[in-house]
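This is what each chain is made of:
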Amino acid sequence: MDPAESDFETQGPTGEDFGDVVLEVSDLCVQFKTEHGWSTVVDHVNLIVRRGETLGLVGESGSGKTVTSLAIMGLLSGPRVKVSGSVKLAGRELIGLSNAEMNALRGKTIGMIFQEPRRALNPAFTVGDQIAEVVRRHGDGLSRKQAWAKAVEMLELVGIPDAPQRAAEYPHQFSGGMCQRVMLAMAVACEPVVLIADEPTTALDVTVQAQVLDLLAELQDRMGLGILFITHDLGVVAETCDTVAVLYGGQMMESAVSEDMYFDPRHPYTEGLLASTPDAQVRADRLFAIAGTVPPAWDWPDGCRFHPRCGYAKAGVCDGVAIPLAGEGDHLVRCARADELRLEGIAR
Ligand code: SF4
């Protein structure tokens, strides 16, 4: 179904029209209490996901991607965590909602799939039961039989062969790729407006990875899903995302439409990620590794957080005051030398 022709509602719960923006994250901050005091793991992150489009959230492990997604899903709570800023899902503010209110939205308006689908599925229940349970929780007054029929329909939709029979099987009877399809069936069973996909293909081999990406694109076309696609792999982003945001040290380093990011990166960290992507045709003829590792959140350096690892760092320019995210139009970058550097992207 063309998203433009679907019966997608653009009215939020208070009657405001949220247009095609299905997820809007503004100034999101997450702090964890550690033995070093309060550490800011996600620092004023802004993201926009539109209906029928995919935003890639990219960065190495420890950059803050997964914590951002958990904060959006309302899965961070307790005395050792503080979440502030704004997360609007189809026009509705999520920050400050109770657990019960978030439970009513998770699985219905916003879905999530993870890197390890087998861990997310309960080994003690059949896959059909697990999908039917989600459908019954959010579907008004559906009988068990109707929910089971819906579970079978969803398994067919995600390409599980012999779905009526396989619905009665357990997760251990499915391959990794098939488990990811089951997770997808469960995540979209109630036709959410937003899907968060956290490294959904990282644990899969290349062929199965391509199949899962194709399936995601197919479901997106059909349902008009807005997808937040979290990955460390810019090669995967190139195939799937309309826009990209690069995170490092909990901060956005660069954001742009995908083409601009690939052909004309403006942040040295993005250039490094591109150059270290094996299947990207980068102008440099050798595979590159960014020196060093992401420091822990209690040890971010002053000035540009990337400066200890950046080959373009300049004393007195990059290591003093904090660098703002700046730029024109859709292409924003957090680099004090962005205007003078000529960085290498993918060959056109
Ligand atoms: S501000 Fe300096 S250290 Fe940071 S990315 Fe730009 S050039 Fe590198």
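What comes next concerns the included structure. Small disclaimer: the values here were computed from a predicted structure and weren't measured. Numbers given to residues run from 1 along each chain, matching the order in which its sequence is written. Reporting of local features is limited, given that this is a predicted model, to residues whose pLDDT is at least 70; pairs of side-chain atoms are given and counted only at 80 or more, and all residues count toward the totals for whole chains, interfaces and linings. The side-chain quantities take in all heavy atoms of the structure and omit both hydrogens and water.

### Some words on the site of the ligand
Reasoning step 1: We call a residue near a molecule or strand as soon as one heavy atom of that residue lies within 4 Å of the molecule or strand. Taken together, the neighbourhood of the ligand is formed by H267, P268, C304, H307, C310, Y312, A313, C318, C335, A336 and R337.
Reasoning step 2: Only protein atoms enter the calculation, which uses a 1 Å grid: trapped sets of points that fit a 1.4 Å probe without letting it out are cavities, open sets showing protein on both sides within 12 Å along at least five of seven lines are pockets, and any residue with an atom within 4 Å of a point is a lining residue. To qualify as sitting in a cavity or pocket, a molecule needs more than half of its atoms within 2 Å of the grid points. Cavity membership is defined here by more than half of the atoms lying within 2 Å of grid points; on that basis the ligand lies in the largest cavity.

### A short note on empty space enclosed by the protein
Which parts of space are left empty comes out when a probe the size of a water molecule is rolled across the atoms.
Reasoning step 1: Grid points are joined across faces, edges and corners, and a volume is the space filled by probe spheres set on the points. Tallying each qualifying case throughout the model produces one cavity of 30 Å³ or more.
Reasoning step 2: Computed from the structure, the largest cavity encloses a volume of approximately 80 Å³.
Reasoning step 3: In this structure, the largest cavity is lined by H267, P268, C304, F306, C310, Y312, A313, C318, C335, A336, R337 and L341.
Reasoning step 4: Split into classes, the residues belonging to the lining of the largest cavity amount to ten nonpolar, one polar and one charged. In this count, Pro and Cys sit with the nonpolar residues alongside Ala, Val, Leu, Ile, Met, Phe, Trp and Tyr, while Asp, Glu, Lys and Arg are called charged and the others, Gly among them, polar.

### Brief notes about helix α4 (residues 127-138)
Reasoning step 1: Its twelve residues place the ends of α4 17 Å apart at the C-alpha level, agreeing with the 16 Å of an ideal helix rising 1.5 Å per residue.
Reasoning step 2: When accessible area is computed with a 1.4 Å probe and restricted to protein chains, residues below 20% of their type maximum are described as buried, those above 50% as exposed, and intermediate ones as partly exposed. By the criteria applied, helices consist of DSSP H or I runs no shorter than four residues and strands consist of E runs no shorter than two, each listed in order from the N terminus. Those residues of α4 not exposed but buried are V127, G128, Q130, I131, A132, V134, V135 and H138. Helices are assigned an expected span. That span is 1.5 Å times one less than the residue count.

### Looking at the sheet that holds strand β12 (residues 331-333)
Reasoning step 1: Read from one edge of the open sheet, eight strands run β6-β7-β8-β3-β9-β10-β12-β11, paired in mixed fashion. Each end of this open sheet is capped by a strand with a single partner; those strands are β6 (110-113) and β11 (326-328). Direction aside, neighbouring strands of the sheet carry axes that sit 20° apart on average.
Reasoning step 2: At least two bridges found by DSSP between two strands are what make those strands a pair. Bridge count for β6 against strand β7 (residues 194-198) is four bridges, and the pairing is parallel. From the neighbouring strand, I110 faces β7, where its bridge partner is V194.
Reasoning step 3: Of the strands in this sheet, β3 (54-58), β7 and β8 (226-231) are in contact with helix α8 (residues 206-223), which crosses β8 at around 160°. To get an axis, fit a line to the C-alpha atoms, keeping to the stretch in contact for a helix; angles then go from 0 to 180 degrees between the N-to-C directions. For this analysis, residues touch if any pair of their heavy atoms sits within 4.5 Å.

### Some points on the layout of surface pockets
Reasoning step 1: The space that makes up the second largest pocket amounts to roughly 440 Å³.
Reasoning step 2: The wall of the second largest pocket is formed by 20 residues, among which L47, I48, T243, S255 and D330 lie closest to the centre.
Reasoning step 3: Elements with a minimum of two residues in the lining of the second largest pocket: β1 (21-34), β2 (37-50), β9 (243-248) and β10 (251-257).
Reasoning step 4: Taken together, the residues of the lining of the second largest pocket break down into eleven nonpolar, five polar and four charged.

### Focus: the sheet that holds strand β5 (residues 92-93)
Reasoning step 1: Pairing in this open sheet of four strands is antiparallel, and the strands run β2-β1-β4-β5 from one edge to the other. Each edge of the open sheet is held by one strand with a lone partner, namely β2 and β5.
Reasoning step 2: Note: strand β4 (residues 81-89) against β5, two bridges, orientation antiparallel. By the bridge assignment, L89 is partnered in β5 with R92.
Reasoning step 3: The strands touched by helix α1 (residues 65-72) within the sheet are β1, β2 and β4, with β1 carrying the most contacts at an inclination of about 110°.

### Points about the pattern of salt bridges
Reasoning step 1: Salt bridge, as used here, is a side-chain nitrogen of Lys or Arg placed within 4 Å of a carboxyl oxygen of Asp or Glu. Tallied over the full model, the rule gives eight salt bridges.
Reasoning step 2: Residues E169 and R166 are paired through a salt bridge, measuring 2.8 Å at the closest nitrogen-oxygen approach.
Reasoning step 3: Residue R166 is classed as buried on the basis of its relative accessible area of 18%.

### Section: the environment of S175
Reasoning step 1: Within the secondary structure layout, S175 lies in the loop between α6 (163-166) and α7 (176-188).
Reasoning step 2: S175 gets classed as partly exposed once you look at its relative accessible area, which sits at 42%.
Reasoning step 3: Each C-alpha atom of the pair S175 and R334 lies 42 Å from the other, and the pair is 159 residues apart in sequence.

### As for the pairing of β2
Reasoning step 1: Judged from the ten bridges that link them, β1 and β2 form a sheet pairing that is antiparallel. Bridging across to β2, V21 finds its partner in R50.
Reasoning step 2: Linking two consecutive strands that pair antiparallel, namely β1 and β2, is a turn of two residues.

These figures capture arrangement, not role.
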